[in-house]
Structure formats: structure tokens, C-alpha cells
Amino acid sequence: MNRLAYLRDVVRGAELARRTGVVRETRGLAIEARGPRARVGELCALLPPGYADAVAASDMLATLLAAPGASSVPTGPNGSAPMLAEVVGVQPDHVTLMPYGSVNGLSAGSTVVALGNQSMYAVGEGLLGRIVDGFGRPLDGKPAPTPSAWRPLEGRPTNPMQRPAITNVLETGVRSIDCMLTIGQGQRVGIFAGSGVGKSTLLGMIAQHVKADVNVIALIGERGREVREFIEQQLGEAGLQRSVVVVATADQPALARVRAAHAALTIAEYFRDAGRQVVLTMDSITRLAMARREIGLAAGEPPTARGYTPSVFAELPQLCERCGTAASGGAITALLTVLVEGDDFNEPVSDALRAILDGHVVLSRQLAHDGQYPAIDLLKSASRLLPVLTTQAERALIARATAMLSMLERNRQIVELGAYEKGANPELDDAIARERQMRGWLNQAGGGIARADALRQLAQVLEGGTP
């Protein structure tokens, strides 16, 4: 019986007919082809002229998905190798594809072969401690991870009525976040900042010291140099052991960057459904939006604000809603960095994400220049679940600290100009007296401080002692 079942599966999976087409023209990274009859999101192979295409689609896909740098990919007469592409648009007389690699060597008349719906990703415990790309190929020089299961690359969000409430605090090891911007297990938070203000360094500190079972780290559109530096210097060997790092560097095509982001979410969903507490950090979701904009424009979508296409603003909430708690008892806590273009916090992607996420941590360039690290502007940041996750005594302490920082910020100019006379405002006098201790509490060179200790230190600062 098992033998018959095996033969039945083999026959069902056999390629009995081949769907092919021909490249008609290329426009930038967009490729138009007459045929094949394919679905949006389906993978296709682009074969250079003269390439021997009498190989099964499954074998061709396995060859194209070989580890980066593999020499097993045969080339055509002109030295060009086949490449992988994805259908991004369908018209009555042609399909639009975007490649996962360079289009050098591609010409009109090249063959397009549909490879079937391959929007699946291999997941399993073997991914822990590994560095992979959007196809699951290893980037750390080790053998490919052994999969335990295959999951859809674009999973569905949980039914909102089946999503447990967020009740447990997630300790990140960063004082200012744990006390003043308390985050819960399953919350989705954006870290908003311009370039060079310390987003990646803050993520590395959190990844090292956060109290969670698994870290899934998606480095989307990062510089190749920064990827290794982040893993070796900021994440560290100990942090990597309980982490899965998914990488798509800035030089890779837009499709590869988008796929890597969805792959990281798929991996996080696997561990969450197994009952694990997962922290998903993505650096950055803005570069994901930029990649989706490239794809949308190539597919013929109309541009809107700053050239972003409607599919960008449709995908952002879909991606965020895949995070959160689950009936298994596990949860995905999402920390998504938002690269604010030109330090304009009202640019389209930042504005949309503030409305979607459950909180935002704003990093200030001015505070960074003043030497405060992490440069979190607490007066512009917020956690929407802080009232639920904190006790009445903790909320009173947070309110006192916020009032003190607000008092200092409102009166900073008159104090620095010497226009303020001591004694005119007792509350301001008290805030000025405690400012140095407060700034010392906000500065943190390393993570790993327990939340209870951080709250005790903050209470000491507000009562006039030293933290």
C-alpha cells in the first residue's frame, strides 16, 4: 500500500506538460514575455539563448536555488547562466517578471519556463544559530539546514477573536524602554530614526539581552559590511545561538529583499506556533517598502506620495498583523526599525506605520549629538499597552519622570540663556537639580539590566538619590 501511495505521489508530481514563453523586451528590471500562462507570484526560469532547456522544472529549480557561489549551474554558449524570476504582473498578451539576479546576458527571444507555485519556505529547529537568505540558502559557509516542515511564505493573519490578549511584559534589558515605554509579549513596536542615529546598535543590544526564547533577525537592504559587523560585534556568539538571521543586502534585487522579509516572518510564525516567545527584529521595514515600490512601479501601478504605490500601503498592515499572540501560548513581538527619510517623521511610510503599530520609539539626532545613548526621545515615544502592562505605582513613577523631562524641555532655552532666576518655579528648580542623575539613568552602555532594578534606580533619581 505504501508503495502504491509513493507511486501515486510521483505521478501527481511529474511534469506532464511544460509552460514556456519568450522574452519580448526588458525595461530596467522589468521583463515582458509572451507567455507562459503563469500566476502572479509564480517562479520562472529565464534561459539564455542556446541553453539546453530539456531538463525537468523541478531539477531546474533545485539548480537555481543552489547555495550562493556554487559551481553546479551550467551556462549557455555565451557564458550566461539561467536565472530565477517572479511574475509580478499579468496582461492579456504578456506577463511581467522581475529577476532575482542580474539581467546581464538576457536578450529578446530568451526562453521563459514556469516552475510552478513555489511560495514555500523550509523551517525547523536547524535554523537556530544560522544565517540564511530569503530562499533558506546558508550564508555562513555551513551545510544547508535540515527542514522539519514547509510553510507558506505569505501566511495568513490570526483571527482577531482567537488572538489572546497581551498581558506579560517583555524585558529588553534597556532601562528607558522597559520602564518608560513598557512593551508586552506580542506587541508590535516601531523604532523611528534617521540614518546614523543608532537603530542597529540598539537592536543588537536588545537581541543580546531580551528575555525571549528565539530571536528572528531580518536584515533587509543593509550594507554588506554592516551585516557581518552586526552579527559579530553587536549580536555576538551567545546571541546568535538562539537567533535566526535572514539577510538580503542592499545590492540584491527588490524581489530578494521582499522575499527575505516574508521568510523571516514565516520562521517566526513556526516558532510561535510551537509555543515559543519570539522577538522579530527587522532592519528596516522602510527598505522593504522601497523594494515593494520598485516592484509596483515595474508592474505598472500608479505612484502616489513620494512615488510609493498602493500595494506598499496594503502590504504593511498585512505584514504587521502576522505578528502578535497565538492560541499556542507563543507570541511574536515585532521590533521594526523605520528609516525616516530626511529626518521627516511625517513622510508616508513613517506616518502609515505609526497608525498600524502598537507603539513607537523615536531616536533623536540631537540627543545623539549630546552624547545620550540610546538616543530615545521619551517625550515623542509611546507604548499603547503601557497602561495595561504596568501597576498603578509604576504608572505614577513614569508620570513623575515624564513630567520632569517635559519641564526641562519646555524651559531649556530660558535656562541656557540665563533668563531664569532660581526660586521662581520650585518644580523647575527640582527638575534642574535632578537632571544630571536623570541623564545618567537614561544613558546605558550595555544591556541586561532587570526591569525591577531599573524601576528602583528611577525611583532613587526622582527622590533625589543616585541611581
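A quick note: this is a predicted structure, and the numbers were derived from the prediction, not measured.

Peer 1: Any chance you could explain the nonpolar core here in plain terms?
Peer 2: Generally speaking, soluble globular proteins have nonpolar side chains that are buried together. In this structure, Val216, Val246, Ile267, Met282, Ile285 and Leu353 are the most contacted members of the largest nonpolar core, which totals 62 residues. Ranked by residue count, the leading element in this core is helix H6 (residues 254-273), at 13 residues. Each of domain 1 (18-117) and domain 2 (121-388) accounts for three or more of the residues forming this core. When sequence neighbours within four positions are dropped, the list of residues in contact with valine 216 reads Val244, Ala264, Ile267, Ala268, Val278, Val279, Leu280 and Thr281. Core analysis: the next-biggest nonpolar cluster, separate from the first, contains 54 residues, Leu170, Val197, Leu235 and Met404 among them.

Peer 1: Even after reading the chapter, I still don't get helix H8 (residues 310-321), so can you show me in this structure?
Peer 2: Helical geometry note: an α-helix holds 3.6 residues per turn, so side chains three or four residues apart project in the same direction. Listing the buried residues of H8 in full gives Val312, Glu315, Leu316, Leu319 and Cys320. Considered in projection along H8, the buried side chains sweep an arc of 125 degrees and stay on one side of the axis. Each element contacted by the buried residues of H8 is listed here: strand S12 (188-193), H6, strand S15 (277-283), helix H7 (285-298), strand S17 (331-339) and helix H9 (348-356).

Peer 1: Can you walk me through the sheet that holds strand S1 (residues 20-27) in this structure?
Peer 2: Strand pairing in a sheet relies on backbone hydrogen bonds, with the paired strands running either antiparallel or parallel. The strand order S1-S2-S5-S4-S3-S6 describes a closed barrel built from six strands, whose pairing is antiparallel. Shown here is a sheet whose adjacent strand axes are inclined to one another by a mean of 45 degrees, direction ignored. Here strand S3 (residues 43-47) pairs with strand S6 (residues 111-114) via four bridges, running antiparallel. By the bridge assignment, cysteine 44 is partnered in S6 with alanine 114. Packing against the sheet, H7 makes contact with strand S2 (30-34), strand S4 (83-90) and strand S5 (95-99), and its axis sits at approximately 150 degrees to S5.

Peer 1: Honestly, the state of the cysteines in this entry has me stumped. Any pointers?
Peer 2: Put plainly, two cysteines are in a disulfide when a covalent bond ties their sulfur atoms together. Within this structure, the stated rule accounts for zero disulfides. Cysteine cysteine 320 remains unbridged, with the sulfur of cysteine 323 as its closest cysteine sulfur at 6.4 Å. For cysteine 320, a relative accessible area of 0% puts it in the buried group.

Peer 1: Just to check I follow, could you spell out helix H14 (residues 426-442) for this structure?
Peer 2: Spanning 17 residues, H14 covers 23 Å between terminal C-alpha atoms, matching the ideal 24 Å at 1.5 Å per step. Within H14, the axis deviates most sharply at glutamate 435, by approximately 50 degrees. Leu428, Asp429, Ala431, Arg434, Glu435, Met438, Trp441 and Leu442 are the residues of H14 that are buried. Residues of H14 that are buried in the fold lie against helix H3 (175-180), helix H12 (392-410), helix H13 (412-416) and helix H15 (451-462).

Peer 1: What's the story with the packing of helix H4 (residues 199-209) against helix H5 (residues 224-241) in this structure? I'm lost.
Peer 2: Helix-helix packing is described using two parameters, namely the angle between the two axes and the distance between the axes. Between H4 and H5, the least distance of the axes is 8 Å, while the angle of their chain directions is 35 degrees. By crossing handedness, the relation of H4 to H5 is classed as right-handed. Packed against H4, whose contacting residues are Ser200, Thr201, Leu203, Gly204, Ala207 and Gln208, the element H5 presents Phe230, Gln234, Leu235 and Gly236 at the interface. When the residues that make up the contact of H4 with H5 are grouped by side-chain class, the tally is four nonpolar, six polar and no charged.

Each value, and the rule that gives it
- Residues numbered from 1 in each chain as written.
- Predicted model: local features only at pLDDT ≥ 70, side-chain atom pairs only at ≥ 80, totals over all residues.
- Heavy atoms only, no water.
- Core = buried A, V, L, I, M, F, W, Y, C linked by side-chain atoms within 4.5 Å.
- Buried < 20%, exposed > 50% of the residue type's maximum accessible area, 1.4 Å probe, protein only.
- Helix = DSSP H or I, 4+ residues; strand = E, 2+ residues; numbered from the N terminus.
- Domains from an automatic or database assignment.
- Contact = heavy atoms within 4.5 Å.
- Arc of directions from axis to C-beta.
- Pairing = 2+ DSSP bridges.
- Axes fitted to C-alpha atoms, helices over the stretch in contact; angles between N-to-C directions.
- Disulfide = S-S within 2.5 Å.
- Expected span 1.5 Å × (residues − 1).
- Bend = angle between axes of the 7 residues up to and from the residue.
- Left-handed = near helix turned anticlockwise from the far one by under 90°.
- Nonpolar A, V, L, I, M, F, W, Y, C, P; charged D, E, K, R; others polar.

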